[in-house]
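# Reading the structure
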Amino acid sequence: VGDDRAFDAETRSICPFCGVGCQVSIKTRGDRVVKVDGVNGPANEGRLCVKGRFGFDYIHHPHRLTKPLIRREGAPAKGLNVDPGDWSSVFREASWEEALDAAAGGLKGRGREVAGFGSAKCSNEEAYLFQKFIRQGFGHNNVDHCTRLCHASSVAALLENVGSGAVTATFNEIENADCAIVIGANPVENHPVAATYFKQFAKRGGKLIVMDPRGQALKRHATHMLQFRPGADVALLNAIMHVIAEEGLVDRQYVEAMTENWDAQRDHLKGFAPETVEGLTGIDAATIRAVARDFARAKAGMIFWGMGISQHVHGTDNSRCLISLALMCGQVGRPGTGLHPLRGQNNVQGASDAGLIPMFLPDYASVTSDEVRARYAELWGAEPLAEKGLTVTEIMDAVHAGDIRAMYILGENPAMSDPDVDHARAALAALDHLVVQDIFLTETANYADVILPASAFYEKAGTVTNTNRQVQMGRPALPPPGEARADWWITAELAKRCGLDWRYTHPREVFAEMKQVMPSLDNITWERLEAEDAVTYPSLSETDPGQAIVFGDAFPRENGRARFTPAAVIPPDETPDAEYPMILTTGRQLEHWHTGSMTRRASVLDAVEPEANCSLHPATLRRLGVPAGGHVRLTTRRGTVTLMARADRAVAPDMVFLPFAFVEAAANLLTNPALDPYGKIPEFKFSAVRVEAAEAV
Ligand code: SF4
């Protein structure tokens, strides 16, 4: 794939995969990318993982959409029946004029019947335009994106208790910590470059506490590895906090000066003596006490978490516990301290900041605030509706209810990514108008009436914001292939055809408009980003590279104090029983990204991990009579998949781990759509499942 001996152009941009936001140098020869190297960005200092270094050639895959497509009259009924390499019996090519007219024609004037899913893989400017199109064009807030499926509960807890949905410190701050907790995250596979900083931290003597129901690669570097029972997070974290309170290790000065509601939290913790939760958590009291002492006594401690925390019906409660743990130990706002939910997609932080969520306008300004809406009325000439919109899974329910009849989906793949995905697929099939804008004919595009060919990230000019709050400049190394176009241009053309007076000619104009309503972008300009590549927000002056650590003096809440919100133990929505006796948990693998539309078309990554697989403990495979590499059938109350099984001692004997990138054994056919009541995030991490030996399919 790579040939660094001959390239004729080099472009600095950002890796399009995870939220670490590694800066890259894209080497091109003619109209092809031939190599990608890491460069010295603030989050990666030249490092790249296998996806960033070798996962780029999907952009040249023959499946790339290069012309607008319209569903043929008399095409087969909508369903997963389209070959992404040979779609001609279902779709026909169309000119941009015809396709845009058809796309807009099915949306225009339909108000609340229309909903939109934008994308965390697009730029900040594209996310801003998408939410503006839905709000200004259709007069409501039914717009969302995949943050609803990854960290919505973390953001809900952070906004509630800290006053800001972003991290309080960059992950690189671990260099200044002497203790760090990594919980419900597998950074070695999911945030690999961040994981290199975690490993270095452990190697220089930092105390690394890893907590996860799956043993994992970071375990080798951990001072403590707590492989707790799935779903027992709140009990475990409350027990750790109980010890800190009981043993007088609370930072009383910090709690008194910087927080509120401590008395309620302290009283709540009394019921969580470690000895009382050993059975529930699977962790002995002595270990819980040792971990509590290490974190509370640290001069500087950080907490990192991932979707193992957020994707539960108690995901917001999990995050509330982590926030309380940091606050009671005074571990926020100083070098080497902080709260850091490791964000998933390359621009999920930026897309959320830009307002691609149904309850907030840009910079988390509430749609229910009169003052906020008055500001938008002035800027947009249309006042946003005061009613919060529907979230990703609620929109699918509204389609089934007949309330939403048309959708515009940009770069998301709900036909793979939604929980209980048959429910989402049936909703997509029931729509009477679906516009899909993407780079490939995804499973979701199978259901489209109009498909608009879009640009991959290495073909885009635009900014993205990584997990560290670093706003970074993405630059195009190549033009989009064929007649594919930039996403911002496509959205703007649709908006014009829906009657909006949009006159953008370049993403820099959109960025300038965003700055009018996003104080987080103060002192950050397009020109500055072009010159400096990255600026962390908040930036206090035009020469300040940005604040790696925030909230040292006060929290952005009305009284300047962070809040303790006690969390009770809420069990998983579905518990194992005689019919479904094991626990299914889902996630990503190192080589594959989300629904696989990109990485399964990247030749190196697909060669390394070509087949749908799940992981089971060797003892479980023995019990089932299945050899490693043999096949198993997984069945939940929603569906069944059959796939290859790997032996993996990291998976507990009563669990199965299932990656969600493989359409041929789609994990979300099985997952439980039960939602966390605050973040509205589904419980992807816990379903009751039956596992049986099977023949290969
Ligand atoms: Fe890309 Fe993330 Fe890997 Fe960095 S760590 S190269 S951003 S996938």
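Residues numbered from 1 in each chain as written. Predicted model: local features only at pLDDT ≥ 70, side-chain atom pairs only at ≥ 80, totals over all residues. Heavy atoms only, no water.

As recorded by an unreviewed UniProt entry, the chain carries the name Formate dehydrogenase subunit alpha and is attributed to Jannaschia ovalis. Per its UniProt entry, the chain bears the Sequence similarities (unreviewed entry) comment "In the C-terminal section; belongs to the prokaryotic molybdopterin-containing oxidoreductase family." (UniProt positions renumbered as here; feature names shortened; annotations may be inferred.)

## A few points about the site of the ligand
Close to the ligand lie Cys15, Phe17, Cys18, Gly21, Cys22, Leu48, Cys49, Lys51, Gly52, Pro192 and Val193, which account for all nearby residues. Mapped onto the shell around the ligand, the elements with two or more residues apiece are α1 (50-54) and α7 (192-203). Its residues placed into classes, the shell around the ligand shows eight nonpolar, two polar and one charged. (Near = heavy atom within 4 Å. Helix = DSSP H or I, 4+ residues; strand = E, 2+ residues; numbered from the N terminus. Nonpolar A, V, L, I, M, F, W, Y, C, P; charged D, E, K, R; others polar.)

## Concerning the layout of surface pockets
Any empty space left between atoms is shown by rolling a water-sized probe over those atoms. Roughly 750 Å³ of internal volume is contained in the largest pocket. Along the walls of the largest pocket sit 30 residues, with Gly163, Ser164, Asp363, Tyr364 and Pro556 positioned nearest its centre. If you list the elements that add at least two residues to the lining of the largest pocket, you get α5 (152-161) and α16 (370-380). Looking at which element gives the most residues to the lining of the largest pocket, the answer is α16, with three residues. Looking at the lining of the largest pocket residue by residue, the class counts come to 16 nonpolar, five polar and nine charged. Estimated volume of the second largest pocket: approximately 350 Å³. When contributions to the lining of the second largest pocket are tallied by element, the ones reaching two or more residues are α4 (147-150) and α5. Considering every element that reaches the lining of the second largest pocket, the biggest residue donor is α5, with four residues. (1 Å grid on protein atoms, 1.4 Å probe; cavity = no way out; pocket = protein on both sides within 12 Å on 5 of 7 lines; lining within 4 Å. Points joined across faces, edges and corners; volume = space filled by probe spheres on them.)

## Quick look at the sheet that holds strand β20 (residues 470-474)
Ordered by their spatial adjacency, three strands build an open sheet running β19-β20-β21, and the pairing between neighbours is antiparallel. The open sheet is flanked by β19 (462-465) and β21 (534-536), the only strands paired with a single partner. In this sheet, neighbouring strand axes are inclined to one another by 25° on average, regardless of whether the strands run parallel or antiparallel. (Pairing = 2+ DSSP bridges. Axes fitted to C-alpha atoms, helices over the stretch in contact; angles between N-to-C directions.)

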